[in-house]
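# Observations on the model geometry
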Amino acid sequence: MYKLIWLKELKGELYTWKSTAWLLAASLLFSFTSYLLLTNKELTLLDQTELLWLLGKVIVGVGLLVVTIDASSIISSEFEQETAESLFLTPLALKDFLLGKLLAPLTLWILIYLISVPYIIVASAGSRLALPFMGHVFLLGTLCVLGFILMTFAIALLYRSSKNTLTTAFVILLAAAVPALFAATLKSGSVLTTVSKINPLDNVFSALDNVLVDYQISLGQNWQFYPPLIIFGLVMLGLLSAAARRFRQQGIIRNE
Amino acid sequence: MMISVKNVSKAYEANVAVDCLNFEVPTGEFFGFLGPNGAGKTTTIRMLTGMIAPDSGEIAIDGWSHSDKSKIARLLGVMPESRGFYNWMTGEEYLSFFAKLYDIPEKYAKVSQLLSLVGLTERKHNRVATYSRGMKQRLGLARALINDPQVLFLDEPTLGLDPQGQEDIQHLLKRLNAAGVTIFFSSHLLNEVASLCTRIAIINRGRLVAQGTIGELQIQAKLPASSLKDIFLALTNPANV
Amino acid sequence: MKYFFGLVSIILCYELWGAPAVLAQTAAAGPLLINISSSKTLSGTAGDYVTVLAGITNSSAGPVSNITTYLSLADESTKLPVDLEDWSAEKGLFIGNIDARQTLPLNWKIHFVTPGDYALIVVAEAAGQELPQTSAITHFHVNSKRNLNPGQVLPVALGMPIVILFAMTLLTYRRNSKLV
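The notes below deal with the structure included here.

The rules behind the values
Residues numbered from 1 in each chain as written. Chains lettered and ligands numbered in written order. Predicted model: local features only at pLDDT ≥ 70, side-chain atom pairs only at ≥ 80, totals over all residues. Heavy atoms only, no water. Helix = DSSP H or I, 4+ residues; strand = E, 2+ residues; numbered from the N terminus. Rg over C-alpha atoms; globule rule 2.2 N^0.38 Å. Buried < 20%, exposed > 50% of the residue type's maximum accessible area, 1.4 Å probe, protein only. Contact = heavy atoms within 4.5 Å. Areas by Shrake-Rupley, 256 points an atom, 1.4 Å probe, with all protein chains shown as cover. Lys, Arg positive; Asp, Glu negative; His and termini not counted. Charge placed at Lys NZ, Arg CZ, Asp CG, Glu CD. Pairing = 2+ DSSP bridges. Buried area = accessible area lost by both parts, 1.4 Å probe. Salt bridge = Lys/Arg side-chain N within 4 Å of Asp/Glu carboxyl O. Polar contact = N/O pair within 3.5 Å; in protein donor to acceptor, adjacent residues only side chain to side chain. Nonpolar A, V, L, I, M, F, W, Y, C, P; charged D, E, K, R; others polar. Axes fitted to C-alpha atoms, helices over the stretch in contact; angles between N-to-C directions. Parallel < 35°, antiparallel > 145°, perpendicular 65-115°, else oblique. Left-handed = near helix turned anticlockwise from the far one by under 90°. Patch = residues over 30% accessible without salt bridge, like charges linked within 9 Å, V, L, I, M, F, W, Y side chains within 5 Å.

What follows covers the overall build of chain A. The secondary structure content of chain A amounts to eleven helices and zero strands. Shown N-terminal to C-terminal, the secondary structure of chain A runs as helices and strands in the order α-α-α-α-α-α-α-α-α-α-α. Here the C-alpha radius of gyration of chain A, 19 Å, is about what a compact globule of 256 residues would show, namely 18 Å. Taken over the C-alpha atoms alone, chain A extends approximately 60 × 45 × 30 Å along its principal axes. Expressed as a percentage of the 256 residues in chain A, the buried residues total 57%. For chain A, contacts bridging at least 24 residues in sequence account for 76% of all contacts bridging at least 6. For chain A, the accessible area works out to roughly 10600 Å², and carbon and sulfur atoms hold 70% of it. Measuring between centres, the 17 positive side-chain charges of chain A sit 6 Å from its 15 negative side-chain charges.

Next up, the structure:
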């Protein structure tokens, strides 16, 4: 039954230009970034590996941003547009509802990733880094995006409001992004080092650094960056389970 | 017994919405459920349809507990108070989507039949966003009927319809009831309730104040030969409560 | 005579330096001898960081004090001096004193910014010296950055948004054609 919800969301997003507008925006952003990186007088002086790392961060960053915005409204809109009641009056189970909803922003991420592939190939020309770049961006990005979707859904089930969900999810995303963008030399203190080790975005960026700048391209050479992302996803899954339990207790329709 | 409600209560923090409600609706009955605004009608319907859980008491639909959602979802057809639609879908797509959720065999035939039943065949390829309020009401009714329900919950089903639209819906509901569908009907249009329902329950401030046929209600209200409107006003007037 | 050679060196720093062999000899005229030792390894690609290695020797019998050395670079195609702002963070190095017959190493980290042919010279001035001392001219070439192919980016940068826009329009057209 989750497939029905997934397809409904995909069709809704495509027919209303909601997601397609995001895909267009993502491709314009990738075009702008890669064109600047490859042609701008100063930026072309970056090492190619540095340039690829920057592009990798942009791809994951744009993906996370778009998916978080999409996930913020995908559940709450059912309550705001009063469609939740008729939906839950059917035999649809909450877990199917959530799984179907989860697959929609995840599909959006996959589409953003696919759009980024030609840019990766162009930017990696001559470096033999294209395949490892694509592989790691996909794996790291998918794990990170999945964690953030689960987190956003948990917030959406608690708030049932797109605006509140978006604001909260954005603040958390920013809180994760800002320290991840600090240079490694600034993360010398014990607090920042710990934050850096558990912060999913930090792990994604560090892994891309390892792959693209230090040529540690195999999965085995980057294994240390994956467990924090998996743990982040599991913690967010737990949070979503707790939010779903509370949601059931409150009832599908919450009396305001 | 199709619907059984025993000692059901529901409170939202300090506000008691439904207070120890008891009534039964036999199979095949056209049951009217009346009450002034804020009396607890919608809360009661939402508890009966499994959308919210009661704080206490027991609810059973055709013998199944209301908490057994997967069982009762297939028995119920509901036209709820909230009237949201997926506006980007066409009328046909909307009904097909719900037919798939119920896993209905021959769903396309069923969708066509229902669109014809509610008079939306001509507009089936139009987006729901372009429908008038009355058309949306009829689409909502078609959705409530998509799973051939044994019991139909209707919360203000004719609200916003023109007289012809009201007449069409009433005619359709009579046909469904004659075919054996139990109907739980909530409306503020008392003439409509009086003409359609075989038995009526009136609640006020979350409590059941009277139930029975019109004749029984006249006796309970001590207003012989009076209209349902007079009975309703007498039983729910704050001065009399 | 030594003043004459010093003057020639300065003039050549800011003009086209076309006779390094002659200049190499002129550089030996003062008490300080400057030798750029990395002349063979200087060439590279735009974006590279390289180190200019040099040595400064006090060839006189007494110490020389308050010595400051500078890098000077000229673009051989435009025949203009290059503003070292983007090339090196440390254009001048203060040496202090050099004892008699002592040689001190000098090194500058420079960043190749623009491709082209360049001429590099190290200049030293010291207390009590009216004319600066210069090294011989070192010529080097900065290659264009070749590891990226900017020519491929334009079709992708323009093509991808157009493809997506086309797909969106097609989808909308097909959807609308189904609607009445």
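From this point, things continue past the structure.
What follows is about the pairing of strand β3 (residues 49-58) of chain C. Residue and element names in this part refer to chain C. Of the strand pairs in this sheet, strand β1 (residues 32-36) and β3 are connected by five bridges, and their pairing is antiparallel. Along β3, the bridge assignment pairs N35 with G55. Bridge analysis of β3 against strand β7 (residues 103-111) gives nine bridges, and the strand direction is antiparallel. Residue pairing in the sheet places V50 in a bridge with I110 of β7.

To continue, consider the interface of chain B and chain C. Of the residues lining the interface, seven residues belong to chain B; the matching set on chain C comes to five residues. Taking both partners together, chain B and chain C bury about 450 Å²; carbon and sulfur atoms supply 40% of that area. Between the two partners, chain B and chain C, sit one salt bridge. A salt bridge links C:R175 to B:E93, with the nearest nitrogen and oxygen atoms 2.5 Å apart. In this assembly, chain B and chain C are joined by three residue pairs in polar contact (both at pLDDT 80 or more). For the side of chain B that touches chain C, the class distribution of residues is two nonpolar, three polar and two charged.

All names here are of chain A. It is at 9 Å that the axes of helix α3 (residues 48-74) and helix α10 (residues 200-212) come closest, and there the two elements cross at 150°. On the basis of the axis angle, α3 is roughly antiparallel to α10. Classified by chirality, the crossing of α10 by α3 is right-handed. Where α3 approaches α10, its residues T49, L52, W53, G56, K57, V60 and L64 are matched on the opposing element by L201, V204, F205, L208, D209 and L212. For the contact of α3 with α10, the residue count by class is nine nonpolar, two polar and two charged.

Once that is clear, we can look at the interface of chain B and chain A. Facing the 25 residues of chain B at the interface are 25 residues of chain A. When chain B packs against chain A, the two sides together hide about 2400 Å² of surface, and 67% of this comes from carbon and sulfur. Our count for the contact surface shared by chain B and chain A stands at one salt bridge. Taking the shortest distance from any N to any O, the salt bridge between B:R46 and A:E85 comes out at 3.2 Å. Linking chain B with chain A are three residue pairs in polar contact (both at pLDDT 80 or more), by the criterion used here. Sorting the residues of the side of chain B that touches chain A by element identifies α1 (41-48), α2 (69-75) and α3 (91-101) of chain B as the ones contributing at least two each. Residue composition of the side of chain B that touches chain A, by class: 15 nonpolar, four polar and six charged.

Another aspect to go through is α1(B). Counting buried positions along α1(B) gives eight out of eight residues, so the element sits mostly inside the fold. Immediately downstream of α1(B), the backbone of B:G50 shows phi near 85°, a positive value.

All names here are of chain A. Here L55 lies in helix α3. The spatial distance from the C-alpha of L55 to the C-alpha of L4 is 35 Å, given a sequence separation of 51 residues. Residues contacting L55, with those up to four places away along its chain left out, are T33, S34, L37, Y119, I120, A123 and F133.

Further remarks concern a positive patch on the surface. A cluster of basic residues, A:K11, B:K100, C:R174 and C:K178, forms a positive patch on the protein surface. Inspection of the secondary structure assignment puts A:K11 in helix α1 (residues 2-15).

The angle between the axes and the distance between the axes are what describe a pair of packed helices. All names here are of chain B. It is the contact of α3 with helix α5 (residues 133-144), at a shortest axis distance of 10 Å, that shows an interaxial angle of 25°. Taken together, the axes of α3 and α5 lie roughly parallel to each other. As α3 packs across α5, the resulting crossing turns out to be right-handed. Facing G91, Y94, L95 and F98 of α3, the residues of α5 in contact are L139, A142 and R143. Considering only residue class, the contact of α3 with α5 consists of five nonpolar, one polar and one charged.

Further remarks concern unusual backbone geometry. The backbone of B:D62 shows a phi angle near 50°, a positive value even though the residue is not glycine. Position of B:D62 among the secondary structure elements: in the loop between β4 (56-61) and β5 (64-65). According to the relative accessible area criterion, B:D62 is partly exposed, its value standing at 32%. Here C:R101, not a glycine, exhibits a phi torsion of approximately 65°, which is positive. As for its placement among the helices and strands, C:R101 is situated in the loop between β6 (92-98) and β7. Exposure remark for C:R101: the relative accessible area of 59% places this residue in the exposed category.

Geometric values such as these leave the question of function open.
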